[in-house]
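Residue-level structural notes
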Amino acid sequence: MNNCNFDLFVIGAGSGGVRAGRMAAATGARVAVAECGPLGGTCVNLGCVPKKLLVYASQTADGFEDAAGFGFEKMTPEFSWNRLIENKDREIARLNGIYRRLLDDAGVTLIEGRARLVGPHVVEVAGRRYPCDRILIATGGRPSVPGIPGAEFGITSDEAFHLPEFPQRVVIVGGGYIAVEFAGIFNGLGAEVTQLYRGPMFLRGFDDDIRMTLAEAMKKRGVTIRFDTNAEEIERIDDGVIVTTTDGDRLAADQVLFATGRMPNTKGLGLGEVGVKLGGKGEILVDEFSATSAPQIHAIGDCTDRLNLTPVAIAEAMAYVATEFRGTPTSVDHNNVPTAVFSQPNLATVGLTESEARKTAAAVDVYRSSVRPLKNAITGGDERTLMKILVDRESDRILGMHM
């Protein structure tokens, strides 16, 4: 396209967008990246990184409990939520700076502001229009909140990282990885935690043995888990909120955290006007090469709702650059991608669950082992580690591993 400001315009400076911008610029392309928030996207600012820091903080209490077993006198620590958040924010700011330097060093133009498409080859940011040859959308996702009365009195994981005070009573609504992770965080830091999940067992899609083992471990740690129960209404009271459940109970809490899923962050981008088709949840529909229904417009990462993991978004970014700028058509295999949940205890998995494996193979051998971690041998802890391997009996091929 003639008279282009840029060969590539990336909307979104998360891990996927930044990687695509940097790698495209390395080919000699003129690249711009637009971002309306802090650099690094969900993972750096409101996801993996700050959440893992809070998990480490919540596990510190276990260390004090275990100290006597290792020969230390029992200690009574004082916890400061505000100090934890300040230290977390300092680290996130450092990472934001690293992302900015990565773009600067690669020769990428960073444009700060909310971008939208106003034509097949034109992006507008803060009233200024930028003609470009190719457009890559990498706008990530955002929390979804159920439409129940009083939902506005709850928070999502976004707000949980910036609470001005530590809540002593927390009700968590949801049964995905974010819900179980924050249940462990608040419980470990000393809050009274109740988790509500509408189904019979949380972490749908994970192996059943892993799900049940985690549920029992969380209950032993003091988390109250109520399955087949959901929040029906939230009322604001002087010292917190009241959560009315679907079975008629009224739970008093300082905070209600909705961890009820995430949705693609695609509103207000002008996608429909330029012919980009969306799915039922607002996800951008793409082919195996991340191409949308509009020529020269591609999308990667959580906004496509394929497999919402940071390393996957980065892999999709690399495949996009290889395809569009290096002349090597490359797709990403979304099968057998390992993943982890920062639950307490942690969970890791790759491949098929046992139920999936039994649908795939004629006969499946299940190797399962439950062991007491060496650390617990002298601390008195009763938490155990479960390891499980699923093998196709005929070919001796590993189909799934869960821990």
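Because the structure is a prediction, the values reported are computed rather than measured. (Residues numbered from 1 in each chain as written. Predicted model: local features only at pLDDT ≥ 70, side-chain atom pairs only at ≥ 80, totals over all residues. Heavy atoms only, no water.)

1. Regarding the overall build of the protein
Each helix and strand counted, the protein has 10 helices and 22 strands in total. Dimensions of the protein, computed from the C-alpha atoms along their principal axes, are close to 70 × 65 × 45 Å. For the protein, the share of sequence-separated contacts (at least 6 apart) that also reach a separation of at least 24 residues comes to 60%. Per element, the accessible surface of the protein, about 19500 Å² overall, is 50% carbon and sulfur. Of the side chains in the protein, 43 bear a positive and 51 a negative charge, and the two mean positions are spaced by 3 Å. (Helix = DSSP H or I, 4+ residues; strand = E, 2+ residues; numbered from the N terminus. Contact = heavy atoms within 4.5 Å. Areas by Shrake-Rupley, 256 points an atom, 1.4 Å probe, with all protein chains shown as cover. Lys, Arg positive; Asp, Glu negative; His and termini not counted. Charge placed at Lys NZ, Arg CZ, Asp CG, Glu CD.)

2. Regarding the pairing of strand 9 (residues 169-173)
Most of strand 9 sits inside the fold, with four of its five residues counted as buried. By the bridge criterion, five bridges tie strand 9 to strand 10 (residues 192-197) in an arrangement that is parallel. Within strand 10, the position partnered with Arg-169 by the bridge is Glu-192. Crossover connection from strand 9 via helix 6 (residues 177-188) to parallel strand 10: handedness right-handed. The pairing of strand 9 with strand 15 (residues 255-258) spans four bridges and is parallel. Each bridged residue has a counterpart across the sheet, and for Val-173 the counterpart in strand 15 is Phe-258. (Buried < 20%, exposed > 50% of the residue type's maximum accessible area, 1.4 Å probe, protein only. Pairing = 2+ DSSP bridges. Right-handed = clockwise from strand over helix to strand, strands pointing away.)

3. Some words on the nonpolar core
Formed by 41 residues in total, the largest nonpolar core has its most connected members in Trp-81, Ile-172, Phe-182, Phe-186, Phe-202 and Met-218. Those elements that provide at least two residues to this core are helix 3 (48-66), helix 4 (81-106), strand 9, helix 6, strand 10, helix 7 (208-220) and strand 11 (224-227). If you look at the next biggest cluster of nonpolar residues, it comprises 25 residues, including Ala-25, Leu-103, Val-108 and Val-321. (Core = buried A, V, L, I, M, F, W, Y, C linked by side-chain atoms within 4.5 Å.)

4. Some points on helix 7
In a regular helix each residue adds 1.5 Å, so 13 residues correspond to 18 Å; helix 7 covers 19 Å between its end C-alpha atoms and thus fits that length. The complete set of buried residues in helix 7 reads Asp-209, Ile-210, Arg-211, Leu-214, Ala-215, Ala-217 and Met-218. Sitting at the head of helix 7, Asp-207 places a side-chain oxygen 3.1 Å from the backbone nitrogen of Asp-209. Looking one or two residues past helix 7, Gly-222 carries a phi angle of roughly 110 degrees, positive in sign. (Expected span 1.5 Å × (residues − 1). Polar contact = N/O pair within 3.5 Å; in protein donor to acceptor, adjacent residues only side chain to side chain.)

5. Structural notes on the pattern of salt bridges
This model, assessed by the stated rule, comprises 28 salt bridges. For Arg-100, the salt bridge is made with Glu-112, and the minimal N-O distance between the two is 3.5 Å. Of this pair, Arg-100 sits in helix 4 while Glu-112 sits in strand 3 (residues 109-112); the two residues are 12 residues apart in sequence, bridging distant segments of the chain. According to the relative accessible area criterion, Arg-100 is partly exposed, its value standing at 34%. For Glu-112, a relative accessible area of 55% translates into the label exposed. (Salt bridge = Lys/Arg side-chain N within 4 Å of Asp/Glu carboxyl O.)

6. Observations concerning the side chain of Thr-304
Within the fold, Thr-304 resides in the loop between strand 17 (297-299) and helix 8 (310-325). For Thr-304, the side chain forms a polar contact with the main-chain oxygen of Gly-301, separated by 2.7 Å. Side-chain polar atoms of Thr-304 contact the side chain of Arg-306, separated by 3.0 Å.

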